[in-house]
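Examination of the molecular architecture
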Amino acid sequence: MSEFATCAIIHTSDSNERLNEIEEKAIMKLLVYGAGVLGSQFAVRMHEAGHDVALLARGGRLSSLREHGVQLAEENSPDIRRVPVPVVDQPADGYDLTTVFVRTHQVDSVLNSLAGVDGDVLFLHNWAAGAEPLGKAIGRERVLLGFPVAAGTMDGDVVRYRRTNFITRRVAMPIGEPDGRATPRVERIVRTFRAAGVNAKAEPQMDAWLKTHAAFEVPLGLAVQAAGSTAALAGDPEAVRHMLRLVRHRFDALPTPPVPRAYVALQKLPEGLLVPLFQRFLRSSTAKNSALNNTTPSTRAELDRLAEQLGALTPAP
């Protein structure tokens with residue numbers, strides 16, 4: 001990754017002082033590819049932190065962003081904030097970093113559009129196929145893996161984001177090299193994101209992290225799709241129990257132990273304890289205002305693509 005541009009801010013003193021105080025602030029030129037819930041929130045955060053951000057969108061979403069900016073509201077609040085983040089409709093050279101916020105089944109078209117431009121690419125989405133297909137399309141040396149931790153829903157063109165709490169504030173966005181190396185570029189990205197208020201951390205087992213998350217996400221997401229909503233699934237303890245058994249099967253068949261190790265609890269704790277815990281979570285406002293409650297065809301297409309990727313790693317039950 002190219003070095004981030006450096007902006008020198010010079011504070012002049014009174015006439016009796018000989019030296020000027022100079023502060024250097026690392027400014028990232030950043031392309032945010034994908035203007036949905038997650039990409040929009042991330043672009044606003046980085047833009048308001050002073051970084052040179054462009055948000056890539058197309059079609060009606062692009063028109064809305066050009067006219068109104070990114071529109072944000074907390075969950076069900078009537079108060080809408082509008083942030084004029086610059087928007088583009090195509091990727092280009094010259095960015096320090098491109099962050100990709102799209103659904104799993106949309107990645108192929110993204111790879112095609114990024115193959116001819118330069119710069120590192122941080123893929124921030126569900127993905128269980130490893131870095132090889134990404135690197136084959138755009139170059140292995142450009143690929144970084146991660147996962148977003150923000151949440152929310154789209155209400156027309158308004159992003160309704162989840163209210164933060166003690167737990168969500170402690171959850172960090174994991175970012176890592178596909179091979180697990182600790183590298184200066186990962187350190188720079190994490191440091192820059194954290195300075196902008198994005199809770200990020202370096203994850204040395206990012207590929208295993210993504211595979212573990214997919215093994216959890218697919219059974220849970222498909223169970224919500226079948227029930228119609230998180231609340232409906234919470235009301236069916238047998239469906240929750242079946243979902244947990246599918247998660248355990250997926251975990252058992254992963255090529256590496258679950259990452260992070262907290263997922264091991266889903267393998268070890270008794271169903272009699274896990275089922276009511278999941279029911280409580282599914283009834284919570286966190287679940288209600290998450291992507292789990294999105295039962296659109298696009299969500300199903302993503303789950304199906306993730307299931308295909310897992311199928312190459314784990315046998316179906």
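Quick notes on the rules
Residues numbered from 1 in each chain as written. Predicted model: local features only at pLDDT ≥ 70, side-chain atom pairs only at ≥ 80, totals over all residues. Heavy atoms only, no water. pLDDT = per-residue confidence, 0-100. Contact = heavy atoms within 4.5 Å. Pairing = 2+ DSSP bridges. Helix = DSSP H or I, 4+ residues; strand = E, 2+ residues; numbered from the N terminus. Axes fitted to C-alpha atoms, helices over the stretch in contact; angles between N-to-C directions. Buried < 20%, exposed > 50% of the residue type's maximum accessible area, 1.4 Å probe, protein only. Polar contact = N/O pair within 3.5 Å; in protein donor to acceptor, adjacent residues only side chain to side chain. Patch = residues over 30% accessible without salt bridge, like charges linked within 9 Å, V, L, I, M, F, W, Y side chains within 5 Å. Areas by Shrake-Rupley, 256 points an atom, 1.4 Å probe, with all protein chains shown as cover. Salt bridge = Lys/Arg side-chain N within 4 Å of Asp/Glu carboxyl O. Phe/Tyr/Trp six-rings, centres within 6.5 Å; stacked < 30°, edge-to-face > 60°.

Taken over all residues, the pLDDT of the protein has a mean of 89, while the share at 70 or more is 90%. A low-confidence stretch, residues 1-24 stays under pLDDT 50, and its non-local contacts, those more than four residues away or across chains, total 39 contacts.

Spatial strand order, β6-β5-β12-β11: four strands in an open sheet with mixed pairing. Two strands close off the open sheet at either side, each with one partner strand: β6 (81-83) and β11 (152-155). Averaged over neighbouring strand pairs, the angle between their axes works out to 30° when direction is ignored. Contacting β5 (70-74), β6, β11 and β12 (158-161), helix α1 (residues 37-48) crosses the sheet at an angle of about 70° to β6. Contacting β5, β6, β11 and β12, helix α2 (residues 59-68) runs over the sheet at an angle of about 85° to β5.

Let us look at the environment of Leu-65. Here Leu-65 lies in helix α2. The exposure class assigned to Leu-65 is buried, which follows from its relative accessible area of 3%. C-alpha separation for the pair Leu-65 and Val-88, spaced 23 residues apart in sequence, amounts to 9.8 Å. Non-local contacts of Leu-65, meaning those with residues more than four positions away in its chain, are made with Ala-35, Leu-55, Ala-57, Val-70 and Val-87.

Mapped onto the elements, Thr-98 comes out in strand β8 (residues 97-100). For Thr-98, a relative accessible area of 4% gives the class buried. If we skip the residues at most four places from it in the chain, Thr-98 touches Leu-31, Tyr-33, Leu-114, Asp-120, Val-121 and Leu-122.

Attention now moves to unusual backbone geometry. At the junction of Val-259 and Pro-260, the peptide bond is cis and its omega measures out at 0° in the coordinates. Looking at the element boundaries, Pro-260 is found in the loop between α9 (237-253) and α10 (264-268). The backbone phi angle of Glu-75 is positive, close to 45°, even though this residue is not glycine. Inspection of the secondary structure assignment puts Glu-75 in the loop between β5 and β6.

This part is about the pairing of β8. Burial of the side chains of β8 extends over both faces: Leu-97 and Thr-99 are buried on one face and Thr-98 and Val-100 on the other. As paired strands, strand β3 (residues 29-33) and β8 are joined by four bridges and run parallel to one another. Bridging from a neighbouring strand, Tyr-33 pairs with Val-100 of β8. Of the pairings in the sheet, the one linking β8 to strand β9 (residues 120-124) comprises four bridges and is parallel in character. For Thr-99, the partnering residue across the bridge sits in β9 and is Leu-122.

Attention shifts here to the side chain of Asn-126. Among the structural elements, Asn-126 can be located in the loop between β9 and α4 (132-138). At 3.1 Å, the side chain of Asn-126 and the side chain of His-213 are in polar contact. Residue contacts for Asn-126: discarding those within four places in its chain leaves Thr-104, Phe-147, His-213, Glu-217, Glu-302 and Leu-306.

Take a nonpolar patch on the surface next. Taken together, the side chains of Leu-269, Leu-273 and Leu-277 make up a nonpolar region of the molecular surface, amounting to roughly 230 Å² of accessible area. Within the secondary structure layout, Leu-277 lies in helix α11 (residues 271-283). Look at Leu-277 and you get partly exposed, because its relative accessible area is 45%.

Once that is clear, we can look at the packing of aromatic side chains. Taken as a whole, this structure holds six aromatic pairs when the rule is applied. For the ring pair Phe-216 and Tyr-263, a centre distance of 5.6 Å and an interplane angle of 50° mean the geometry is tilted. Taken together, the residues Phe-216 in helix α7 (residues 206-227) and Tyr-263 in the loop between α9 and α10 connect sequence positions 47 residues apart. Across the pair, Tyr-263 and Phe-216 agree in class, each one buried. Geometrically, the ring pair formed by Phe-251 and Tyr-263 is edge-to-face, given 5.5 Å between the ring centres and 80° between the ring planes. Within this pair, whereas Phe-251 is found in helix α9, its partner Tyr-263 is found in the loop between α9 and α10, the two being separated by 12 residues in sequence.

This part covers the sheet that holds strand β10 (residues 143-146). Each strand in a sheet pairs with another by means of backbone hydrogen bonds, the pair being arranged parallel or else antiparallel. In spatial order, the strands read β7-β4-β3-β8-β9-β10-β13-β14; together these eight strands make up an open sheet with mixed pairing. The two strands at the open ends of the sheet, each matched to only one other strand, are β7 (87-88) and β14 (200-202). Note: strand β4 (residues 52-56) against β7, two bridges, orientation parallel. Residue pairing for β7: Leu-56 is matched across the bridge by Val-88. The sheet contacts of α1 involve β3, β4, β8 and β13 (173-176), and relative to β4 the element is tilted by about 165°. Against the sheet, α7 contacts β10 and β13, and its axis sits at roughly 45° relative to β10.

With respect to the helices, strands and loops of the structure, Arg-241 is situated in helix α9. Sequence-distant contacts of Arg-241, that is, excluding residues within four places in its chain, are made with Glu-271 and Val-275. Within the local environment of Arg-241, its side chain forms a polar contact with the side chain of Glu-271, the two groups lying 3.4 Å apart.

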